[in-house]
Amino acid sequence: MPDIQRLNEYGVLKPFGKLAHNTNLWHLNRRSAAGAFAVGVFFAFMPVPFQMLLAAAAAILLGVNLPLAVAMVWISNPLTLTPMLYASYRVGAFLLNQPPQPFIFELSLAWFQSSISTIVPKLLVGSVILGSLSAGLTYFLVRKIWRQAVQNAWNQRVAERKARFLKLKEELLERQKRLRDDDQ
């Protein structure tokens, strides 16, 4: 994990003041990890620039793991961006009860300006819906997986303790038997 003092020296966290010193931003626990996954996944679906910055701001404001939230934004990468945007557009068109129009997405200002009234509303509605659903699902899945991992570790410790206890009990019974045999 990065050193908070070093990040403050560079001024990266300065705009967030004391909020950036929350320990959950830098430590992994079930709540901060699940929240970070949800924040990152939500902003991965947003068709806006500076997704990582937005995810970082949301992580700081919500008090979830900052590095993990920023890293999760990379779910939207050159391989996944097109299917994510297309799915968002189709969901938005369905929810707005408008027929989808054929389009070719370009990451440019000219494309954005020419399609702001036709494509962008559908894309934004779909992105918010899919981002929210994915974030919620991710949040509960991470919490469930984390809880299951903790439960499995606990069960393993219990089984190891039980095995040690049974071994010690067996050794004790064997010693008692030898002592009885020696006394006779």
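Description of the structure in this document. Only a predicted model underlies this, so the values are computations on that prediction, with no experimental measurement involved. (Residues numbered from 1 in each chain as written. Predicted model: local features only at pLDDT ≥ 70, side-chain atom pairs only at ≥ 80, totals over all residues. Heavy atoms only, no water.)

**Some remarks on the overall build of the protein chain**
Stated precisely, the cut-off is as follows: The helix and strand labels rest on DSSP assignments: H or I over at least four residues marks a helix, E over at least two residues marks a strand, and numbering proceeds from the N terminus. Accessibility here uses a 1.4 Å probe with only protein chains present; expressed as a share of the type maximum, an area under 20% marks a residue as buried, one over 50% as exposed, and anything in between as partly exposed. For this analysis, residues touch if any pair of their heavy atoms sits within 4.5 Å. All accessible areas in this document rest on Shrake-Rupley with a 1.4 Å probe, and a residue is counted as covered only by the protein chains that are shown.
For the protein chain, the helix and strand inventory stands at seven helices and zero strands. Put simply, the protein chain has 184 residues, and 29% of those count as buried. For the protein chain, the share of sequence-separated contacts (at least 6 apart) that also reach a separation of at least 24 residues comes to 69%. For the protein chain, the exposed surface amounts to about 12,700 Å²; the carbon and sulfur share of it is 65%.

**Remarks on the environment of leucine 96**
Of note, leucine 96 is situated in the loop between helix 5 (81–95) and helix 6 (109–115). Measuring from C-alpha to C-alpha, the distance between leucine 96 and proline 121 comes to 8.9 Å, with 25 residues separating the pair along the chain. In this structure leucine 96 touches Pro121, Lys122 and Val125, once residues within four positions along its chain are discounted.

**Let's talk about the packing of aromatic side chains**
Here is the rule we go by: Pairing of aromatic rings covers Phe, Tyr and the six-membered ring of Trp, with a centre-to-centre limit of 6.5 Å; geometry is then stacked below 30 degrees between planes, edge-to-face above 60, and tilted otherwise.
Summed over all chains, the structure comprises two aromatic pairs. With centroids separated by 5.1 Å and ring planes inclined at 85°, the aromatic side chains of phenylalanine 42 and phenylalanine 43 adopt a geometry described as edge-to-face. When its relative accessible area of 21% is taken as the criterion, phenylalanine 42 is described as partly exposed.

Nothing here speaks to function; it is all geometry.
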